[in-house]
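Notes for the structure review
In case you want the letters, here they are:
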Amino acid sequence: SAVISQKPSRDICQRGTSLTIQCQVDSQVTMMFWYRQQPGQSLTLIATANQGSEATYESGFVIDKFPISRPNLTFSTLTVSNMSPEDSSIYLCSVKDPLAGGSSYEQYFGPGTRLTVT
Amino acid sequence: EDKVVQSPLSLVVHEGDTVTLNCSYEVTNFRSLLWYKQEKKAPTFLFMLTSSGIEKKSGRLSSILDKKELFSILNITATQTGDSAIYLCAVGGAGNMLTFGGGTRLMVKP
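Computed from a predicted model, the values in this text were never measured in an experiment.

So, how was this worked out
As a convention, each chain's residues are numbered from 1 in the sequence order in which they are written. Following the order in which they are written, the chains are lettered starting with A and the ligands numbered starting with 1. Residue-level local features of this predicted model are given only where pLDDT is at least 70; pairs of side-chain atoms are given and counted only at 80 or more, and the full residue set underlies all totals for whole chains, interfaces and linings. The basis for every side-chain value is the complete set of heavy atoms in the structure, and neither hydrogens nor water enter the calculation. The contact rule is simple, with two residues in contact once any of their heavy atoms fall within 4.5 Å. By definition here, a salt bridge exists when the distance from a side-chain nitrogen of Lys or Arg to a carboxyl oxygen of Asp or Glu is within 4 Å. We call two N or O atoms a polar contact when they sit within 3.5 Å, provided that within protein one can donate a hydrogen and the other can accept it, with sequence-adjacent residues counted only if both atoms are side-chain atoms. Helix and strand assignments follow DSSP, with helices taken as H or I runs no shorter than four residues and strands as E runs no shorter than two, numbered in order from the N terminus. Per-residue accessibility, obtained with a 1.4 Å probe over protein chains only, is compared with the maximum for each type, and a residue is labelled buried under 20%, exposed over 50%, and partly exposed between these values. Note that His is not counted, nor are the chain ends; the positive residues are Lys and Arg, and the negative ones are Asp and Glu. Note on disulfides: each one is a pair of cysteine sulfur atoms within 2.5 Å. Aromatic pairing here means that ring centres of Phe, Tyr or Trp (its six-membered ring) are within 6.5 Å. Orientation follows from the plane angle: under 30 degrees is stacked, over 60 is edge-to-face, and everything else is tilted.

1. Observations concerning the interface of chain B and chain A
Contact with chain B, which involves 22 residues of that partner, is made by 22 residues of chain A. On inspection of chain B and its partner chain A, the count reaches zero salt bridges. Where chain B meets chain A, there are five residue pairs in polar contact (both at pLDDT 80 or more). Elements supplying a minimum of two residues to the side of chain B that touches chain A: β4 (32-38), β5 (43-49), β9 (85-92) and β10 (98-100) of chain B. Among the elements that make up the side of chain B that touches chain A, the one with the highest residue count is β4 of chain B (four residues).

2. Some words on the side chain of K41 of chain B
With respect to the helices and strands, the residue K41 of chain B is situated in the loop between β4 and β5. With no salt bridge to any partner, buried K41 of chain B finds its closest opposite charge in D11 of chain A, at an N-O distance of 11 Å. Reaching out from K41 of chain B, the side chain makes a polar contact with the backbone oxygen of G112 of chain A at a distance of 3.1 Å. Ignoring sequence-local partners within four residues, the contact set of K41 of chain B consists of S9, Q37, I90, L92, P111, G112 and R114 of chain A.

3. A word on the pattern of salt bridges
Residues and elements named next belong to chain B. In total, this model carries three salt bridges over all chains according to the counting rule given. Across the pair E39 and K37 runs a salt bridge whose closest N-O atoms are separated by 4.0 Å. The exposure class of K37 is buried, given its relative accessible area of 14%.

4. Things to note about the state of the cysteines
According to the stated counting rule, one finds two disulfides over all chains in the structure shown. Paired through a disulfide, C23 of chain A and C93 of chain A show a sulfur-sulfur distance of 2.0 Å. Linking C23 of chain A and C93 of chain A, the disulfide has an S-S dihedral of approximately 65 degrees and is accordingly described as right-handed. A residue pair is termed long-range when its members are at least 10 positions apart, and C23 of chain A in strand β3 (residues 19-25) and C93 of chain A in strand β9 (residues 89-96) qualify at 70 residues. Accessibility expressed as a relative area gives 1% for C93 of chain A, which makes it buried. What pairs with C23 of chain B in a disulfide is C89 of chain B, and their sulfur atoms sit 1.9 Å apart. Torsion about the S-S bond of the C23 of chain B and C89 of chain B cystine: about -65 degrees, corresponding to left-handed handedness. Of this pair, C23 of chain B sits in strand β3 (residues 19-26) while C89 of chain B is found in strand β9, placing the two residues 66 residues apart along the sequence. Taking relative accessible area as the criterion, C23 of chain B reaches 1% and is therefore assigned buried. Free cysteine C13 of chain A: the closest other cysteine sulfur is in C93 of chain A, separated by 18 Å.

5. Details of the environment of L46 of chain B
Residue and element names in this part refer to chain B. Here L46 is to be found in strand β5. A relative accessible area of 21% means that L46 is categorised as partly exposed. Each C-alpha atom, one on L46 and one on L88, is 9.7 Å from the other, the two residues being 42 residues apart in sequence.

6. A closer look at the packing of aromatic side chains
Tallying each qualifying case throughout the model produces nine aromatic pairs over all chains. With a centroid separation of 5.6 Å and an interplanar angle of 85 degrees, the aromatic rings of Y35 of chain A and F100 of chain B are classed as edge-to-face. On the criterion of chain membership, the pair formed by Y35 of chain A in strand β4 (residues 32-37) and F100 of chain B in strand β10 is interchain, its members lying in two chains. Exposure class is identical for Y35 of chain A and F100 of chain B. Each is buried. Here F109 of chain A and Y36 of chain B contribute two aromatic rings whose centre-to-centre distance is 5.3 Å and whose plane-to-plane angle is 85 degrees, an arrangement assigned as edge-to-face. In this pair, F109 of chain A is assigned in strand β10 (residues 107-109) and Y36 of chain B in strand β4, connecting two distinct chains. The buried category is assigned to F109 of chain A, whose relative accessible area is 10%.

Next comes the structure, spelled out in structure tokens:
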């Protein structure tokens, strides 16, 4: 499976500021995703990061709040903009296994970024 | 709307016990069901199931899928304190997205 790293691993930010989270994969992958896990909750998909085009956002998430970049097949960033305490969560990137077939849903997760907004 | 429900919400057992975790789903165009173990931040992949009745095993963990009754179970035998974690079930439906259940928090006491 792919090896995924995320930076930063954690951060404490003031409300109104923005934080950019990086996700790096050690191999080219077609699909990269960004998830949020709020305290005590399960994972919610924010968006699919598409290489060379705009990300595809899920209901309830918008580009102005969570801009995403995907400049190549091994790297993506998620920015949490104009943060409020409600944005305090773990943010996780995941990738579809590059060795899996096109119909496979096998996904692997990065180590996560724990964000606290004060 | 796709839905994945896990039960129980939490479970406390003693080392050596066997546990069964449940996952039921309602998903459009079911493709696969995945189990993850989450100890700190990152969910760790355990199993992916696509066919009914075929048990997947990895050491003390095993899982099976019933596509007719729309559920899966994850069994852990001879539990150890290291099995303490949140276990997440996710289902892949239409498109490429996974829908996650709320998780089962397992605590294994010495």
